Amino acid sequence: MRLLERMRKEWFMIGIVLAIAGAKLEPSIGVNGGPLKPEITVSYIAVATIFFNSGLSLKTEELTSALVHIKLHLFIQIFTLAFFPAAVWLFLQLLSITPINEWLLKGLQTVGCMPPPVSSAVILTKAVGGNEAAAIFNSAFGSFLGIVVTPLLLLLFLGSSSSVPFTSIFSQLFMTVVVPLIIGQIVRRYIKDWLERKQPPFGAVSSSVLLMIIYTTFCDTFSNPSIDLDKFSLLLVLFISKSDGGLLVLFIICSIQLSFMLLTFIFSTRNNSGFTPADTVAVMFCSTHKSLTLGIPMLKIVFAGHEYLSLISVPLLIYHPVQILLGSVLVPTIKSWMVSRQKGVKLMRPTV
């Protein structure tokens, strides 16, 4: 079993490299409007597949118990939509004295204002074996909340405002997140015995969808004129923007993600936190990931016609792939920690 698990992880990492290499060689295939049509296959079909897969694999009692974990939900949402943007704003006050382009700095602030994604946090939580039900709820709820909160945060920190098509974004989220999840739960009720007997490869399905998301994300990145990647950067799987201060922005983005993941880990593993190791996994991914799917349309609406829109978008375009790559690379380490911690908890329980 361990050998199979190790092989699956190795093949997944190979898949990431191949996805990035394929996107570099021919980005036009996976770019929006290209043959793969990611604006449909990823934004709708892939996201719907993720949540249908989750609805099919999750036990109804696990999903129900996750809904009432109010403390966990409050922690994730407050961290994502309050602490994160406020901390970035304070950090940017220090960076304002550096030679970094001011519009790149504004772009970093927009990253902090974005809601969580509806896919990557769930997939990575599932890959580790964390509290998938909590990740599903907070990703979906955070996205719905972000439709209202994110424009307000952009107005507060950047002074930009515009009318946001709440109805269309809400309906898209409902159809790609809530409906597939409910359908998956309904189907599960009828084939529950078969699922428990056959144990379909739900993890492999989620990993395949994640590779597709990585591929199309990199296709968009490589096709974007604001971002250029050299061969050295590709080998390191890093993004280097040739805009003023772009390399420093890349370093800052990686530092922000790792720092916030560490911060959420410290807070959620305190003795009085009340969170299990599986909860901590969901907290780390859901609290620190930001949505590109909702983010880019919101930026295009809020900064419509703005001459520096491309520069403002660069940090979010970088942040999204980096969060997937960092998360994927950290999956084995986080999983080992969670398993060891769970074993420790079992050993500490008194025997009757």
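As shown above, the structure is provided for reference.
The structure reproduced in this document is the subject of the present report.

Each value, and the rule that gives it
Residues numbered from 1 in each chain as written. Predicted model: local features only at pLDDT ≥ 70, side-chain atom pairs only at ≥ 80, totals over all residues. Heavy atoms only, no water. Helix = DSSP H or I, 4+ residues; strand = E, 2+ residues; numbered from the N terminus. Buried < 20%, exposed > 50% of the residue type's maximum accessible area, 1.4 Å probe, protein only. Contact = heavy atoms within 4.5 Å. Polar contact = N/O pair within 3.5 Å; in protein donor to acceptor, adjacent residues only side chain to side chain. Patch = residues over 30% accessible without salt bridge, like charges linked within 9 Å, V, L, I, M, F, W, Y side chains within 5 Å. Areas by Shrake-Rupley, 256 points an atom, 1.4 Å probe, with all protein chains shown as cover. Salt bridge = Lys/Arg side-chain N within 4 Å of Asp/Glu carboxyl O. Phe/Tyr/Trp six-rings, centres within 6.5 Å; stacked < 30°, edge-to-face > 60°. Expected span 1.5 Å × (residues − 1). Axes fitted to C-alpha atoms, helices over the stretch in contact; angles between N-to-C directions. Parallel < 35°, antiparallel > 145°, perpendicular 65-115°, else oblique. Left-handed = near helix turned anticlockwise from the far one by under 90°. Nonpolar A, V, L, I, M, F, W, Y, C, P; charged D, E, K, R; others polar.

Moving on: the environment of Gly 295. With respect to the element layout, Gly 295 can be found in helix 13 (residues 292–302). The exposure class of Gly 295 is buried, given its relative accessible area of 0%. Separated by 25 residues in the primary sequence, Gly 295 and His 320 place their C-alpha atoms 9.9 Å from one another. Setting aside residues up to four positions removed in sequence, Gly 295 forms contacts with Met 114 and Leu 316.

Let us look at unusual backbone geometry. Residues other than glycine seldom take positive phi values, yet Lys 37 does so here, at roughly 50°. Relative to the helices and strands, Lys 37 resides in the loop between helix 1 (2–25) and helix 2 (38–57). The class for Lys 37 is partly exposed, based on a relative accessible area of 37%.

We now examine the side chain of Gln 257. Structurally, Gln 257 can be placed in helix 11 (residues 246–268). Taking the relative accessible area as the measure of exposure, Gln 257 reaches 2% and is therefore buried. Within the structure, Gln 257 has its side chain in polar contact with the backbone nitrogen of Gln 323 (distance 3.5 Å). Sequence-distant contacts of Gln 257, that is, excluding residues within four places in its chain, are made with Tyr 319, Val 322, Gln 323 and Leu 326.

On the surface, a nonpolar cluster with roughly 280 Å² of combined accessible area is contributed by Ile 40, Tyr 44 and Ile 45. With respect to the helices, strands and loops of the structure, Ile 40 is situated in helix 2. Assessed through its relative accessible area of 45%, Ile 40 is described here as partly exposed.

Let's shift gears to the packing of aromatic side chains. Going through the model one piece at a time under the given rule, you end up with eight aromatic pairs. Taking the centre distance of 5.0 Å and the plane angle of 35° together, the rings of Phe 79 and Phe 83 count as tilted. Of the two residues, Phe 79 and Phe 83 both sit in helix 4 (residues 70–95), four residues apart, roughly one turn of that helix. On the basis of relative accessibility, which here comes to 5%, the residue Phe 79 falls in the buried class. Seen from their ring centres, Phe 265 and Trp 337 are 5.0 Å apart, and the 70° between their planes marks the pair as edge-to-face. With Phe 265 in helix 11 and Trp 337 in helix 14 (residues 309–348), this pair connects stretches of sequence that are 72 residues apart.

Time to look at the pattern of salt bridges. Here the structure, examined in full by the defined rule, presents one salt bridge. Notably, a salt bridge pairs Lys 126 with Glu 132, separated by 3.4 Å at the nearest N-O pair. Looking at Lys 126, the relative accessible area reads 18%, which means it is buried. Residue Glu 132 is classed as buried on the basis of its relative accessible area of 9%.

With that settled, consider helix 12 (residues 277–288). With 12 residues, helix 12 extends 17 Å between its outermost C-alpha atoms, agreeing within 8% with the 16 Å of an ideal straight helix rising 1.5 Å per residue. Most of helix 12 is tucked away: 12 of the 12 residues are buried. Listed as buried for helix 12 are Pro 277, Ala 278, Asp 279, Thr 280, Val 281, Ala 282, Val 283, Met 284, Phe 285, Cys 286, Ser 287 and Thr 288.

Our focus in this paragraph is the packing of helix 4 against helix 7 (residues 132–158). At a minimum axis distance of 10 Å, the contact between helix 4 and helix 7 shows a crossing angle of 30°. What the angle tells us is that helix 4 and helix 7 run roughly parallel. Handedness of the helix 4/helix 7 crossing: right-handed. In this structure, helix 4 contributes Leu 72, His 73, Ile 76, Gln 77, Leu 81, Pro 85, Ala 86 and Trp 89 to the contact, and helix 7 contributes Ala 134, Phe 137, Asn 138, Phe 141, Gly 142, Leu 145, Val 149, Leu 153 and Phe 157. Residue composition of the contact of helix 4 with helix 7, grouped by class: 13 nonpolar, four polar and no charged.

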